[in-house]
Amino acid sequence: MRRRVLRLLLIVCITGGLMGACGAGALYMFQASLDSDITRLPDAIPTLEADRPPPEVGVGENWLLVGTDSRSETATTGKDAGNSLWRPGQQRTDTIMLVHLSEAHNRVYVVSIPRDSWVTIPGKGKAKINAAFSWGGPALLIRTVEKLTGVRIDHYAAIDFQGFASVVDTVGGVHVDIAETVRDPYNSVTWQAGRQHLNGEKALLFVRQRANLPGGDFDRIKRQQALLKSIADKVLTAETLANPVKVNDLLRTAARSLSVDEGVTAGLLRSRLIDMADLASLDYLTMPVKGTGTESKQSVVYLDMPQVRALSAAIRDDQADVYVSQTDSGNEVETVR
């Protein structure tokens, strides 16, 4: 009897070990497959250290997120882009976001930089910030943001409109709350006041509207942030995070849709997704603005440089929470125009 029990225990242990090994092997194979789907840009991060803020330890992690707008019928970011990746003068940045993840990985601050911000572009002089990407791709845009803020960018990620729509569809669509009914004459869409469910195609129409928004591009920024918040809320539900299939589908879509710097791996993407489960706060801001004007017949946005420096210093010191609480500068994105 004793010998039979020992034999049974031995079989259970061996079976458990084999199942664990199979599980680990499957995870390894999935990670490897995911890594092969990621499009990495070898020159995305500037290489000349003398032109950059010094690296600092213990102050969190900074990403530059870019939404590209080439008006192309084919993908321009991610695995499906092929030869359509960035080319001089052929793509614009429709969205520029500086994202700070606190050192404790429990707070995230998303700072939108208006695309028409009148800034100094290294080697080019004064121009709209989105011209930096058109002229010199990710590296020049990163150098421009670093010069503006003094914040060192650790990672870069870009997604085009097609990839963005795919992410929205992968999470099953999202909800946004609209303050009042508004008509988009260019796309023949009327957005009714109240809660709206958006699939990928409708989400694109929502964030791309330019006409009939009282605040112009500033309202458009809040729409972008509201949609990002809705995606984050959907991802943070137990329905998503507790479902391995949904998590893997989301990671697969992100991997195929994004173009990133060489330091971004499938493991890093998974880790940042896991970090989201323990977030204490997710704040959305717009880079401080002084006003608008005209430069060489171009409509531009003038940044409030004293406040830009204050916000940037808070990010560099991993004290963005203090800046937000003292200035009450967070954007209201629960309900947008």
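Residues numbered from 1 in each chain as written. Predicted model: local features only at pLDDT ≥ 70, side-chain atom pairs only at ≥ 80, totals over all residues. Heavy atoms only, no water.

## A closer look at the overall build of the protein
- In terms of helices and strands, the protein carries ten helices and 16 strands.
- Across the 337 residues that make up the protein, the buried fraction comes to 47%.
- Long-range pairs, those at least 24 residues apart, make up 69% of the contacts in the protein between residues at least 6 apart in sequence.
- As presented, the protein carries roughly 16700 Å² of accessible surface, and 54% of it is formed by carbon and sulfur atoms. (Helix = DSSP H or I, 4+ residues; strand = E, 2+ residues; numbered from the N terminus. Buried < 20%, exposed > 50% of the residue type's maximum accessible area, 1.4 Å probe, protein only. Contact = heavy atoms within 4.5 Å. Areas by Shrake-Rupley, 256 points an atom, 1.4 Å probe, with all protein chains shown as cover.)

## Points about the packing of aromatic side chains
- One pass over the full model with this rule turns up one aromatic pair.
- Look at tryptophan 191 and phenylalanine 206: their rings are 5.5 Å apart centre to centre, the planes differ by 80 degrees, and that puts the pair in the edge-to-face class. One end of the pair, tryptophan 191, is in strand β10 (residues 189-191); the other, phenylalanine 206, is in helix α4 (residues 200-208), with 15 residues separating them in the sequence. As far as burial versus exposure is concerned, tryptophan 191 and phenylalanine 206 are alike and both buried. (Phe/Tyr/Trp six-rings, centres within 6.5 Å; stacked < 30°, edge-to-face > 60°.)

## Let's talk about the confidence of the model for the protein
- Residues at a pLDDT of 70 or more form 84% of the protein, whose mean pLDDT is 87.
- Predicted confidence is poor over residues 14-24, with pLDDT under 50, and the contacts of this stretch with residues over four places away or in other chains come to zero contacts. (pLDDT = per-residue confidence, 0-100.)

## Re the pattern of salt bridges
- Scanning the entire structure with this criterion turns up 19 salt bridges.
- The partner of lysine 128 in a salt bridge is aspartate 116, with the nearest N and O atoms 3.5 Å apart. Of this pair, lysine 128 sits in strand β6 (residues 125-128) while aspartate 116 sits in the loop between β4 (107-112) and β5 (118-121), and the two are twelve residues apart along the sequence. For the pair lysine 128 and aspartate 116, one class covers both residues: buried.
- Linked by salt bridges that have partners in common, Asp94, Arg115, Arg210, Asp217 and Arg220 make up one network. (Salt bridge = Lys/Arg side-chain N within 4 Å of Asp/Glu carboxyl O.)

## Brief notes about the side chain of asparagine 130
- With respect to the helices and strands, asparagine 130 occurs in helix α2 (residues 130-149).
- Beyond its immediate sequence surroundings of up to four residues, asparagine 130 is in contact with Thr93, Arg115 and Asp116.

## Structural notes on the packing of helix α3 (residues 161-170) against α4
- In contact at an axis separation of 8 Å, α3 and α4 are set at 125 degrees when each is read in the N-to-C sense. As summarised for this structure, α3 and α4 are arranged oblique, according to the angle between their axes. The crossing of α3 and α4 is right-handed. Packed against α3, whose contacting residues are Phe161, Phe164, Ala165, Val168 and Asp169, the element α4 presents Gly200, Ala203, Leu204, Val207 and Arg208 at the interface.
- Across the contact of α3 with α4, the residue classes tally to seven nonpolar, one polar and two charged. (Axes fitted to C-alpha atoms, helices over the stretch in contact; angles between N-to-C directions. Parallel < 35°, antiparallel > 145°, perpendicular 65-115°, else oblique. Left-handed = near helix turned anticlockwise from the far one by under 90°. Nonpolar A, V, L, I, M, F, W, Y, C, P; charged D, E, K, R; others polar.)

## Overview of α4
- Those residues of α4 that sit buried are Gly200, Ala203, Leu204, Phe206 and Val207. All buried residues of α4 fall inside an arc of 160 degrees around its axis, so they share one side.
- Those residues of α4 that are buried are in contact with α3, β8 (174-178), β10, β11 (194-198), α5 (217-235) and β16 (335-336).
- Capping the start of α4, asparagine 199 holds a side-chain oxygen 3.3 Å from the backbone nitrogen of glutamate 201, two or three residues further along. (Arc of directions from axis to C-beta. Polar contact = N/O pair within 3.5 Å; in protein donor to acceptor, adjacent residues only side chain to side chain.)

## What about helix α7 (residues 244-257)?
- Helix length check: α7 (14 residues) gives 20 Å between terminal C-alpha atoms against 20 Å at 1.5 Å per residue, within 8%.
- Taken together, the buried positions of α7 are Val247, Leu250, Leu251, Thr253, Ala254, Ala255 and Ser257. (Expected span 1.5 Å × (residues − 1).)

## Some remarks on the side chain of glutamine 209
- Structurally, the position occupied by glutamine 209 is in the loop between α4 and α5.
- According to the relative accessible area criterion, glutamine 209 is buried, its value standing at 0%.
- Apart from residues no more than four positions distant in its own chain, glutamine 209 is found in contact with Val182, Arg183, Asp184, Trp191, Arg220 and Arg223.

## A word on the nonpolar core
- Grouped together as the largest cluster of nonpolar side chains are 46 residues, with contacts concentrated most on Phe164, Val174, Trp191, Leu198, Phe206, Leu227 and Ile231.
- Discounting residues that sit within four places of it in the chain, phenylalanine 164 has contacts with Ile159, Ala203, Leu204, Val207, Leu227 and Ile231. (Core = buried A, V, L, I, M, F, W, Y, C linked by side-chain atoms within 4.5 Å.)

## Remarks on the environment of leucine 268
- Relative to the helices and strands, leucine 268 resides in helix α8 (residues 266-275).
- Owing to a relative accessible area of 14%, leucine 268 belongs among the buried residues under this scheme.
- Once residues within four sequence positions are removed from consideration, leucine 268 is found in contact with Trp63, His155 and Gly263.

## Focus on the packing of α3 against α7
- Viewed as axis vectors pointing N to C, α3 and α7 meet at an angle of 180 degrees, and their least axial separation amounts to 9 Å. The pairing of α3 with α7 is recorded here as roughly antiparallel in orientation. Residues Gly163, Ser166, Val167 and Thr170 of α3 lie in contact with α7, whose contacting residues are Asp249, Leu250, Thr253 and Ser257.

## A short note on the pairing of strand β3 (residues 92-101)
- Within β3, nine of the ten residues are buried, leaving the element largely enclosed by the surrounding structure.
- Pairing geometry for β3 and β4, over five bridges, is antiparallel. Bridging from a neighbouring strand, leucine 101 pairs with valine 108 of β4.
- Between the antiparallel neighbours β3 and β4 lie five residues, among them histidine 105 with a positive phi of about 60 degrees. (Pairing = 2+ DSSP bridges.)

## Structural notes on the environment of valine 176
- Here valine 176 shows up in strand β8.
- On a C-alpha basis, the gap between valine 176 and alanine 203 in space is 9.4 Å, while along the polypeptide they are 27 residues apart.

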